[in-house]
Amino acid sequence: MTNQSTIDKLIEMRLTAMSNSFRNQLTDAKMKEVPFEDRFGMLVDIEYSSRKNNRLKRLIRNADFDQPDASVMDIDYTSGRKLNKQLITRLATCEYITEYRNIFITGATGSGKTYMACAFGMEACKQYYTAKYVRLPDLLIDLEMARNEGTYKKVMAKYANPLLLIIDEWLLLKPNENERKDIFELLHRRRKKSSTIFCSQYRADGWYEQLGGNDGPLADAILDRIVHDAYKINIESIDPSRDISMREVYGLDKILSE
């Protein structure tokens, strides 16, 4: 069997990283002195690493993060916000996902909720958990269109199946009755099977009214499925008079923007 035949078969089996590494070994005179077992181990390691890297890229791409460059390491603890660094560091391990627990991230507009949620999402992808980011308004529109087009189950599965779902702009606007039914159905399917991060301008104790309160019979049912096993991060300003939007903190330098 010729070396080219071996390379062609590796490519046919989609072992492209291994084929490229094998080709490099053939042209490297020093490799002739390396034992076969070590050379073969090198080929396997390169193919393995390539596949892991490709899988990570695919998970990040499919997650549709609003801020794909977000990183837990880059969370700013000196910006005048009250942040529990110990809790954030703990959540970055993704232990909450294995426990099927949720996270509530609340705070004013520009406080950095979306960035933090996407940073947690990136950590989930790094541990090869499936993740998905979506704004609640877009999610509800997606489900309504799917209902009209007869693809409701398929679209619902798109949001119910990921091990981590990030719902941004949670209850920014009060959902109507049909939308509350969709929210209930989604969260019921995800309960005890996956984790959800909720980003909201309202604290959790204000969600009942946003879901219709006493006039909305589903309010209790929805909250019952998410509040009892959730970690809570409420982002507050230490000095509101000096409050700065995190969009400004992470934004373009003024010197470069003018």
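Computed from a predicted structure; not experimentally measured.

Rules used in this analysis
Residues numbered from 1 in each chain as written. Predicted model: local features only at pLDDT ≥ 70, side-chain atom pairs only at ≥ 80, totals over all residues. Heavy atoms only, no water. Helix = DSSP H or I, 4+ residues; strand = E, 2+ residues; numbered from the N terminus. Rg over C-alpha atoms; globule rule 2.2 N^0.38 Å. Buried < 20%, exposed > 50% of the residue type's maximum accessible area, 1.4 Å probe, protein only. Contact = heavy atoms within 4.5 Å. Areas by Shrake-Rupley, 256 points an atom, 1.4 Å probe, with all protein chains shown as cover. Lys, Arg positive; Asp, Glu negative; His and termini not counted. Charge placed at Lys NZ, Arg CZ, Asp CG, Glu CD. Pairing = 2+ DSSP bridges.

Student: Go over the overall build of the protein chain with me, naming the residues and quoting the values.
Tutor: Each helix and strand counted, the protein chain has 13 helices and 6 strands in total. The C-alpha radius of gyration of the protein chain comes to 24 Å, more than 25% above the 18 Å expected for a compact globule of 258 residues. Taken along its principal axes, the extent of the C-alpha atoms in the protein chain is 75 × 50 × 40 Å. When the 258 residues of the protein chain are sorted by exposure, 41% land in the buried category. By sequence separation, contacts in the protein chain at least 24 residues apart represent 80% of the contacts at least 6 residues apart. Total accessible area on the protein chain stands at roughly 15200 Å², and carbon and sulfur atoms take up 51% of it. Side chains of the protein chain carry 39 positive and 38 negative charges; the gap between the two charge centres is 4 Å.

Student: Before we move on, can you summarise the pairing of strand β4 (residues 164–168) with the specific residues and values?
Tutor: Judged by how many residues are buried, β4 sits mostly within the fold: 5 of 5 residues are covered. Residues of β4 alternate between two faces, with L164, I166 and D168 on one and L165 and I167 on the opposite face, all of them buried. Where strand β3 (residues 131–135) meets β4, 5 bridges bridge the pair, whose relative direction is parallel. If you follow V134 over to β4, its bridge partner there is I167. Looking at chain direction, β4 and strand β5 (residues 195–200) are connected through 4 bridges and run parallel.

Student: Mind laying out the sheet that holds β4, listing which residues take part and the relevant values?
Tutor: Pairing is mixed in the open sheet, where 6 strands are placed in the order β1-β6-β2-β5-β4-β3. The open sheet terminates on both sides in strands that have one partner only, identified here as β1 (81–82) and β3. Judged from the 6 bridges that link them, strand β2 (residues 102–107) and strand β6 (residues 230–237) form a sheet pairing that is parallel. Bridging from a neighbouring strand, G107 pairs with I235 of β6.

Student: Account for the pairing of β6, with residues named and values stated.
Tutor: Consecutive side chains of a regular strand alternate in pointing toward one face of the sheet and then the other. Looking at chain direction, β1 and β6 are connected through 2 bridges and run antiparallel. Each residue of the ladder has a partner; that of R81, found in β6, is S237.

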